[in-house]
Amino acid sequence: ENAVDLAFALMGLQDQFETDGFDQYKLNILAALVGACPIKVAPTLIEQYFFPHYSIAQRHTILIALALGARELAGFPRPPPPPPSLTSSTPSPAALPAPQEDLFPSKRLPPSLHRRLLASPSSSSAPPSTPIPTKSLPPTALDQITAELTSAALSGAKTEAETTIPLAAKEKLLTVRRFASASKESTSIGNGNGNGNGTTSANFTQLAAEFFLGPLINRFWEHLRQTAGQSKRSAYAGGANSAALLEPLVLSRYLGTLTVLLHASRHSPHFLAFLAPQSLELLLALRTDSSEEVDSTVLACEMEVLLVVFDGVVEGDGGHALMRSVQGGG
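The structure displayed is predicted, hence computed values, not measured ones.

## Some remarks on the overall build of the chain
Here is step 1 of the chain: In terms of helices and strands, the chain carries 14 helices and zero strands.
Here is step 2 of the chain: Traced from its N-terminal end to its C-terminal end, the chain shows the element sequence α-α-α-α-α-α-α-α-α-α-α-α-α-α.
Here is step 3 of the chain: For the chain, buried positions account for 41% of its 330 residues.
Here is step 4 of the chain: Long-range contacts, defined as pairs at least 24 residues apart, comprise 74% of the intrachain contacts of the chain with a sequence gap of at least 6.
Here is step 5 of the chain: Summed over its atoms, the accessible surface of the chain is roughly 18400 Å², and 58% of this surface lies on carbon and sulfur atoms.

Here it is, written out as structure tokens:
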């Protein structure tokens, strides 16, 4: 009964003491809450993701926690955590130059600030020719999962093509068609062979549409409508955060989470009739509303969503339900 309150506290929790591994611990707890209480925690995280007072880093944590919690419910293994050097922006004490002389404690800053001062370019103890590494976005568990899904799908399609497609048509058809063999290989881990994972996967398939993908897609639709209305009324109507979720750095993480959730829910009874058409419609709306050049990272994430959706559709019924929904919708 305290899962939602704990999730709220974790989402707003800040690292004020430079704690090693703080972000990873926070992410692990949020993912565990999603896996333990998905009916309450997952919709809460999704709702908070669209509130404007969260930073980019906090939004990323919310999305990765949703993806990891969903895969845990579906019976998939969790990827290994990234190395500490990739998750920490503060240099380790061993990598810093030693001070030339010991200072009296009253002359020193707190340890974390003192190390940061020694690592700054203006520090006299650091050699002027030593380059200072710039802060970049490290790879996350979400990036690892989407890369594995894409690689497995493409390799599976290539294997199938080598046995069923004439040599002259291989290269052309690989760019437009996916085969079910890739999905069968990747879902064998989640379904299990009588070890109990099948029950967990079935539970997630029942929850995916109502508590994960449904709210995630519907709230994004609502955000698109609000952003479009604000841009028509005034350029400053929504403030600085009115279109923040459409920035490439944030939108790419959202699409990556959508890819992981769709892959985990493709055996859901709602996948063919609701999840697949809604996901494709959302991607089409993003391209229709976009008046600027598409960022390459966002475009790659959109392609990953398409791969997962079409893979699940072909495996489900060969695309018949999707074609009926398209014809019925005009």
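Now that the structure has been shown, we can carry on.
## Notes on the nonpolar core
Here is step 1 of the chain: Formed by 68 residues in total, the largest nonpolar core has its most connected members in L45, F212, Y254, L255 and L262.
Here is step 2 of the chain: A per-element tally of this core places helix α10 (residues 197–233) first, with 12 residues.

## Side note on the packing of aromatic side chains
Here is step 1 of the chain: All chains considered together, the criterion is met by five aromatic pairs.
Here is step 2 of the chain: On the numbers, 6.4 Å between centres and 20 degrees between planes, the contact of Y49 with Y254 is stacked. Of this pair, Y49 sits in helix α3 (residues 38–49) while Y254 is found in helix α11 (residues 248–264), placing the two residues 205 residues apart along the sequence. Accessibility classification places Y49 together with Y254 in one group, the buried group.
Here is step 3 of the chain: Ring plane angle 65 degrees and centroid distance 5.3 Å describe the contact between F204 and F212, whose orientation is recorded as edge-to-face. For the pair formed by F204 and F212, the shared burial category is buried.
Here is step 4 of the chain: Grouping aromatic residues by their ring pairs yields a cluster made of Y49, F50, F220 and Y254.
Here is step 5 of the chain: Seen from the ring of Y49, R59 lies directly overhead, with NZ or CZ sitting 5.8 Å from the centre.

## Topic: the pattern of salt bridges
Here is step 1 of the chain: Scanning the entire structure with this criterion turns up five salt bridges.
Here is step 2 of the chain: As a salt-bridge pair, R253 and D143 come within 3.1 Å of each other at their nearest N and O atoms. Here the residue R253 occupies a position in helix α11, and D143 occupies one in helix α7 (residues 141–164), the gap between them amounting to 110 residues.
Here is step 3 of the chain: By relative accessible area, R253 is classed as buried at 7%.
Here is step 4 of the chain: Assessed through its relative accessible area of 27%, D143 is described here as partly exposed.

## Some thoughts on helix α1 (residues 3–11)
Here is step 1 of the chain: Along α1, the residues classified as buried are A3, A7, L10 and M11. For α1, the arc enclosing every buried residue in end-on projection is 95 degrees, short of the 170-degree limit, so these residues lie on one face.
Here is step 2 of the chain: Those residues of α1 hidden inside the fold are in contact with α2 (22–36), α3 and α4 (56–73).

## Here we look at unusual backbone geometry
Here is step 1 of the chain: One non-glycine residue, E18, lies in the positive phi region at around 55 degrees.
Here is step 2 of the chain: Within the secondary structure, E18 sits in the loop between α1 and α2.
Here is step 3 of the chain: Classification of E18 as partly exposed rests on a relative accessible area of 29%.

## A few points about the side chain of S265
Here is step 1 of the chain: Considering the arrangement of structural elements, one finds S265 in the loop between α11 and α12 (271–289).
Here is step 2 of the chain: Residue class for S265 comes out buried when judged on its relative accessible area of 0%.
Here is step 3 of the chain: A distance of 2.8 Å separates a polar side-chain atom of S265 from the backbone oxygen of L261.

## With respect to α4
Here is step 1 of the chain: Given a rise of 1.5 Å per residue, 18 residues ought to cover 26 Å, and the 26 Å separating the end C-alpha atoms of α4 matches this to within 8%.
Here is step 2 of the chain: Across the 18 residues of α4, 15 count as buried, placing the element largely inside the fold.
Here is step 3 of the chain: Two residues or fewer past α4, G75 is found with a positive phi of approximately 90 degrees.

## Topic: the packing of α1 against α2
Here is step 1 of the chain: It is the contact of α1 with α2, at a shortest axis distance of 10 Å, that shows an interaxial angle of 155 degrees. Overall, the two elements α1 and α2 adopt an arrangement that is roughly antiparallel. Seen from above, α1 lies across α2 with left-handed handedness. Between α1 and α2, the residues in contact are A3, L6, A7, L10 and M11 and K26, I29, L30 and L33, respectively.
Here is step 2 of the chain: Here the contact of α1 with α2 is built from residues that sort into eight nonpolar, no polar and one charged.

## Regarding the environment of H60
Here is step 1 of the chain: In this fold, H60 is placed in helix α4.
Here is step 2 of the chain: Taking the relative accessible area as the measure of exposure, H60 reaches 8% and is therefore buried.
Here is step 3 of the chain: Taking the C-alpha atoms as reference points, H60 and L142, separated by 82 residues in sequence, lie 9.5 Å from one another.

## Some points on the environment of E47
Here is step 1 of the chain: Looking at where E47 falls in the secondary structure, it is placed in helix α3.
Here is step 2 of the chain: Here E47 falls in the partly exposed class, since its relative accessible area comes to 37%.
Here is step 3 of the chain: Between the C-alpha atom of E47 and that of R219, which follows or precedes it by 172 residues, the distance is 7.6 Å.

Parameters at a glance
- Residues numbered from 1 in each chain as written.
- Predicted model: local features only at pLDDT ≥ 70, side-chain atom pairs only at ≥ 80, totals over all residues.
- Heavy atoms only, no water.
- Helix = DSSP H or I, 4+ residues; strand = E, 2+ residues; numbered from the N terminus.
- Buried < 20%, exposed > 50% of the residue type's maximum accessible area, 1.4 Å probe, protein only.
- Contact = heavy atoms within 4.5 Å.
- Areas by Shrake-Rupley, 256 points an atom, 1.4 Å probe, with all protein chains shown as cover.
- Core = buried A, V, L, I, M, F, W, Y, C linked by side-chain atoms within 4.5 Å.
- Phe/Tyr/Trp six-rings, centres within 6.5 Å; stacked < 30°, edge-to-face > 60°.
- Lys NZ or Arg CZ within 6 Å of the ring centre and 35° of its normal.
- Salt bridge = Lys/Arg side-chain N within 4 Å of Asp/Glu carboxyl O.
- Arc of directions from axis to C-beta.
- Polar contact = N/O pair within 3.5 Å; in protein donor to acceptor, adjacent residues only side chain to side chain.
- Expected span 1.5 Å × (residues − 1).
- Axes fitted to C-alpha atoms, helices over the stretch in contact; angles between N-to-C directions.
- Parallel < 35°, antiparallel > 145°, perpendicular 65-115°, else oblique.
- Left-handed = near helix turned anticlockwise from the far one by under 90°.
- Nonpolar A, V, L, I, M, F, W, Y, C, P; charged D, E, K, R; others polar.

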